[in-house]
Amino acid sequence: MKWKKYTIETTTAAEDYMAQCLMEIGIEGIEIEDNIPLTKADQADMFIDFLPELPPDEGKSNISFYIEDDGSDQTEILKQVKITLEEMRQFVDIGSGIITSSETEDLDWINNWKKYFSSFTIGNILIKPTWEELKEEDKDKFMIEIDPGISFGTGKHETTQLCIKELVKYIGEDHPKVLDVGCGSGILSIVALKLGAREVVGTDIDADCMTSTRENMEVNHLDESLGTFYVGNLIDDVELQEKVGTEEYEIVVANILADVIIPMAPVIPARLKKGGYFITSGIIDFKENEVKEAIEAAGMEIVQINHQGEWVNITARKN
């Protein structure tokens, strides 16, 4: 499906007004590009550990919207947009208001990223995207197939690799029950099951992750009865905590972010059996001590800290 992308050159002062006005004339979704730094509240809501470096904010903004290019005449909708822009000039600085257009397709934003994800190994584990052919030399390897879909988790990120290495170490032959907090695409749940976990339970705040995880379990020929998955935030959702259960798990794994792990730490010991392990990553190196202190304050003993690039894994035990 082809789409026309229209971009309005405007100002940050006009963003909110323009978004509202475009909605009122029937444009349902917009894309805003600017260099406004995130506030502390925004960072907290988005669980961002570190911020990208942006050019200075000069008050400039680009607002884009998409119209399906089905051959129909788009003159009228564009006329309405231009009239709206001129009306807005009466009460807010909209800048030049110049509109440029380009053509795109669904594939541009749905599939283009796939060229950056190819097969790789973690130890003796081969992680292969579902769309890639299995190479002859890889046919005897311990293989996991993954399609992240619209969820986080190809396995290639350092934080996921750190968690996988710890799962290999601690799952062993005991067939543990594993809780995967922030399961994303389900990659850690699938790794746990294929390594020998008897059962996994996963949680994520994003309902789309449930679909991705189920589909990836099917791709890996895992019986869906081996996994139970819930939508919700384990930190403060009491009902979810009850569903997940108390002292049921030999392993809890959480590949999230430091600012999520810290408030989550107090609810983890109640999920673990005595002697169980809390394997966590997603921790940027300068937050290592904060996470370590939160885990210890929750009553768990740190047994291992590993680094890969600028990322950290902390593994702790409930004694």
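Throughout this document, residue positions are counted from 1 along each chain, in the order its sequence is written. Under the rules for a predicted model, residues below a pLDDT of 70 receive no local features and side-chain atom pairs below 80 are neither given nor counted, while totals for whole chains, interfaces and linings still include all residues. Side-chain numbers here rest on the full set of heavy atoms in the structure, without hydrogens or water.

1. Description of a negative patch on the surface
By definition, no residue in a patch forms a salt bridge, and every one has over 30% relative accessible area; like charges are joined within 9 Å, nonpolar side chains (Val, Leu, Ile, Met, Phe, Trp, Tyr) within 5 Å. Areas reported here follow the Shrake-Rupley algorithm with a probe of radius 1.4 Å; residue values treat only the protein chains shown as occluding. The term salt bridge refers to a pairing of a side-chain nitrogen on Lys or Arg with a carboxyl oxygen on Asp or Glu at a separation within 4 Å. Only four residue types enter the charge count, namely Lys and Arg as positive and Asp and Glu as negative; His and the chain termini do not. Taken as the charge location is NZ of Lys, CZ of Arg, CG of Asp or CD of Glu. A cluster of acidic residues, E215, E218, D223 and E224, forms a negative patch on the protein surface. By the criteria applied, helices consist of DSSP H or I runs no shorter than four residues and strands consist of E runs no shorter than two, each listed in order from the N terminus. Within the secondary structure, E224 is located in the loop between α7 (208–219) and β10 (227–231). Given the relative accessible area of 59%, E224 is considered exposed. Here the term buried applies to any residue with accessible area under 20% of the maximum for its type, exposed to any over 50%, and partly exposed to those in between, with areas from a 1.4 Å probe on protein chains only.

2. Section: the nonpolar core
For our purposes a nonpolar core is just a set of buried Ala, Val, Leu, Ile, Met, Phe, Trp, Tyr and Cys residues, chained together by side-chain atoms within 4.5 Å. Grouped together as the largest cluster of nonpolar side chains are 30 residues, with contacts concentrated most on I127, I164, L167, V178, L188, I251 and I279. Elements that contribute at least two residues to this core include exactly β5 (120–122), β6 (125–129), β7 (142–146), α5 (158–171), α6 (187–195), α7, β11 (249–255) and β12 (272–284). Non-local contacts of V178, meaning those with residues more than four positions away in its chain, are made with A192, A197, E199, V200, V201, Y249, I251 and V253. One finds A254, I261, I283 and M300 within the second-largest nonpolar core, a separate group that totals 27 residues. Note on contacts: a residue pair qualifies if any of its non-hydrogen atoms lie within 4.5 Å across the two residues.

3. Some thoughts on α6
Since the α-helix advances by 3.6 residues per turn, residues separated by three or four positions end up pointing in the same direction. Of all nine residues in α6, seven are buried; the element is thus mostly enclosed. Within the sequence span of α6, burial applies to I187, L188, S189, I190, V191, A192 and L193. At the exit of α6 stands G196, carrying a positive phi of roughly 125 degrees.

4. Focus on the packing of aromatic side chains
Note on ring pairs: Phe, Tyr and Trp rings are taken, using the six-membered ring of Trp, and paired if centres are within 6.5 Å. Classes follow the plane angle, with under 30 degrees stacked, over 60 edge-to-face and the rest tilted. In this structure the tally under the stated criterion is three aromatic pairs. Relative to F91, the ring of Y17 lies with its centre 5.6 Å away and its plane at 70 degrees, an arrangement referred to as edge-to-face. Residue Y17 is located in helix α1 (residues 15–24), and its partner F91 is located in the loop between α3 (75–88) and β4 (99–105); the two are separated by 74 residues in the primary sequence. Using a relative accessible area of 43% as the deciding quantity, one classes Y17 as partly exposed.

5. Observations concerning the pattern of salt bridges
Any two side chains of opposite charge can pair, given that their charged atoms come close. Inspection of the entire model under this criterion finds 16 salt bridges. Its salt-bridge partner being E250, residue K273 comes within 3.0 Å of it at the nearest N-O pair. Placement of K273 in strand β12 and of E250 in strand β11 is noted, with a sequence separation of 23 residues between them. According to the relative accessible area criterion, E250 is partly exposed, its value standing at 23%. Among the ionic contacts, a cluster of salt bridges with common partners joins K177, E199 and E248.

6. Quick notes on the sheet that holds β5
Sheet strands associate in pairs through backbone hydrogen bonding, adopting either a parallel or an antiparallel arrangement. On the basis of which strands lie adjacent, the open sheet formed by three strands has the order β5-β6-β7 and mixed pairing. Both edges of this open sheet fall to β5 and β7, since each of them pairs with a single strand only. Looking at each pair of strands side by side, their axes are set apart by 30 degrees on average, direction ignored. Inspection of the sheet shows β6 paired to β7 by five bridges, in the parallel sense. Paired with I125 across the bridge in β7 is F142. Helix axes are fitted only over the stretch in contact, all axes being lines through C-alpha atoms; the angle between N-to-C directions runs from 0 to 180 degrees. This element, α5, spans β5 and β6 of the sheet and lies at about 45 degrees to β5. The rule for pairing is simple: two strands pair if DSSP sees at least two bridges between them.

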